[in-house]
Amino acid sequence: METFEMIQSRKAIREYSGQITDEQLNNILIAANAGSAGMNEFENYRLTVIQKPEILSQLTGIYGAPTVIVVSSTDDNVMAGNSAGTIVHGMELEAENQGLGANYNMACLGSIPVGVVPDAFQPIFAITLGQTTEKFTHREIPLDKFKTNFVK
Ligand SMILES: Cc1cc2nc3c(=O)[nH]c(=O)nc-3n(C[C@H](O)[C@H](O)[C@H](O)COP(=O)(O)O)c2cc1C
């Protein structure tokens, strides 16, 4: 799909019909790694792919997603949140590119069992992923969804 069309078709998907393949996961991780880290501090971030049913069943608000990828950081500040946003957004768009369902997720962060994310890293943002039967179609995006001030 053409990039601008893909951006406009993106939507939160909360119904999943199956697990993603390892190849699909690999592409999503490439997209994550195409993200940015403030101050070039890539070592301050860690990705954790969760597909183990015993762990997934302990996560709240993931809508039965078969894959959750958590971005964690050594920092818990605006820079970390913004960096995690770029990482997760890239994954979300690549998921859509592959026809997968995905959604940004913060609801699960507090329920991640100790030891899942490496010591010294705290969960910042996550994405839920899975196969979906939903289709991505053009959405009319109102230009005032985010009110905009022009200074010119
Ligand atoms: C920072 C952030 C956190 C979010 N956390 C959740 C979440 O925990 N659970 C959820 O279902 N959706 C979550 N969302 C998705 C939004 O609810 C969703 O994008 C919004 O309803 C707009 O829908 P759309 O993405 O289809 O345009 C989050 C989005 C952002 C940007």
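Please read all numbers here as calculations on a predicted model, not as lab measurements. (Residues numbered from 1 in each chain as written. Predicted model: local features only at pLDDT ≥ 70, side-chain atom pairs only at ≥ 80, totals over all residues. Heavy atoms only, no water.)

Attention shifts here to the overall build of the protein chain. Along its length, the protein chain carries 4 helices and 4 strands. Going from N to C terminus, the protein chain has its helices and strands arranged as α-α-β-α-β-α-β-β. Computed over C-alpha atoms, the radius of gyration of the protein chain comes to 16 Å, within 12% of the 15 Å expected from 2.2 N^0.38 for 152 residues, which places it in the range of a compact globule. In terms of its C-alpha atoms, the protein chain occupies a principal-axis envelope of roughly 45 × 40 × 25 Å. Each of the 152 residues in the protein chain was classed as buried or not, and the buried ones make up 43%. Intrachain contacts of the protein chain at a sequence separation of at least 6 include 78% that bridge at least 24 residues. Within the structure as shown, the protein chain displays about 8800 Å² of accessible surface, and the carbon and sulfur contribution to it stands at 55%. (Helix = DSSP H or I, 4+ residues; strand = E, 2+ residues; numbered from the N terminus. Rg over C-alpha atoms; globule rule 2.2 N^0.38 Å. Buried < 20%, exposed > 50% of the residue type's maximum accessible area, 1.4 Å probe, protein only. Contact = heavy atoms within 4.5 Å. Areas by Shrake-Rupley, 256 points an atom, 1.4 Å probe, with all protein chains shown as cover.)

Within the structure, the ligand sits among R10, K11, A12, R14, Y63, N103, Y104, N105, M106, A107, F125 and R139. Within the side chain of R14, an N or O atom sits 2.7 Å from an oxygen atom of the ligand. If you tally residues by element for the shell around the ligand, the top one is strand β3 (residues 101-105), at 3 residues. Here the residues of the shell around the ligand sort into 6 nonpolar, 2 polar and 4 charged. (Near = heavy atom within 4 Å. Polar contact = N/O pair within 3.5 Å; in protein donor to acceptor, adjacent residues only side chain to side chain. Nonpolar A, V, L, I, M, F, W, Y, C, P; charged D, E, K, R; others polar.)

Next up on the list: the sheet that holds β3. The strand order across the open sheet formed by 4 strands is β1-β2-β4-β3, and the pairing between neighbours is antiparallel. Either end of the sheet is taken by a strand with one partner, and the two such strands are β1 (45-50) and β3. Averaged over all pairs of adjacent strands, the angle between strand axes in this sheet comes to 20°, irrespective of strand direction. Summarising the sheet, β1 and strand β2 (residues 67-73) pair through 6 bridges and their orientation is antiparallel. Across the sheet, residue R46 finds its bridge partner in β2, namely S72. (Pairing = 2+ DSSP bridges. Axes fitted to C-alpha atoms, helices over the stretch in contact; angles between N-to-C directions.)

All right, on to helix α2 (residues 22-33) then. The terminal C-alpha atoms of α2, which comprises 12 residues, lie 16 Å apart, in line with the 16 Å expected from a rise of 1.5 Å per residue. All buried positions along α2 are accounted for by Q24, L25, I28, A31 and A32. Here the buried residues of α2 occupy an arc of 115° about the axis, which is enough to place them on one side. Residues of α2 that are exposed and point over 90 degrees away from its buried face: D22, E23, I30 and N33. (Expected span 1.5 Å × (residues − 1). Arc of directions from axis to C-beta.)

This paragraph deals with the packing of aromatic side chains. Counted by the stated rule, this structure contains 1 aromatic pair. The interplanar angle of 15° and the centroid separation of 6.1 Å between the aromatic rings of Y104 and F125 together place this pair among those described as stacked. Highlighted residues: Y104 in strand β3 and F125 in strand β4 (residues 122-130), separated in sequence by 21 residues. For Y104, a relative accessible area of 25% puts it in the partly exposed group. The exposure class assigned to F125 is buried, which follows from its relative accessible area of 16%. In this arrangement the basic side chain of R14 is found over the ring face of Y63, its NZ or CZ atom lying 5.8 Å from the centre. (Phe/Tyr/Trp six-rings, centres within 6.5 Å; stacked < 30°, edge-to-face > 60°. Lys NZ or Arg CZ within 6 Å of the ring centre and 35° of its normal.)

Here is a general trend for soluble globular proteins: nonpolar side chains tend to be buried in one another's company. One finds I28, I69, V71, M91, I127 and L129 to be the most contacted residues of the largest nonpolar core, which totals 20 residues. If one sorts the elements of this core by residue count, helix α4 (residues 78-97) sits on top with 6 residues. Aside from chain neighbours lying at most four places away, what touches I69 is L25, I28, L29, L47, T48, V49, M91, F125, A126, I127 and L129. Residues L59, C108, I112 and F121 belong to the second largest nonpolar core, which totals 13 residues. (Core = buried A, V, L, I, M, F, W, Y, C linked by side-chain atoms within 4.5 Å.)

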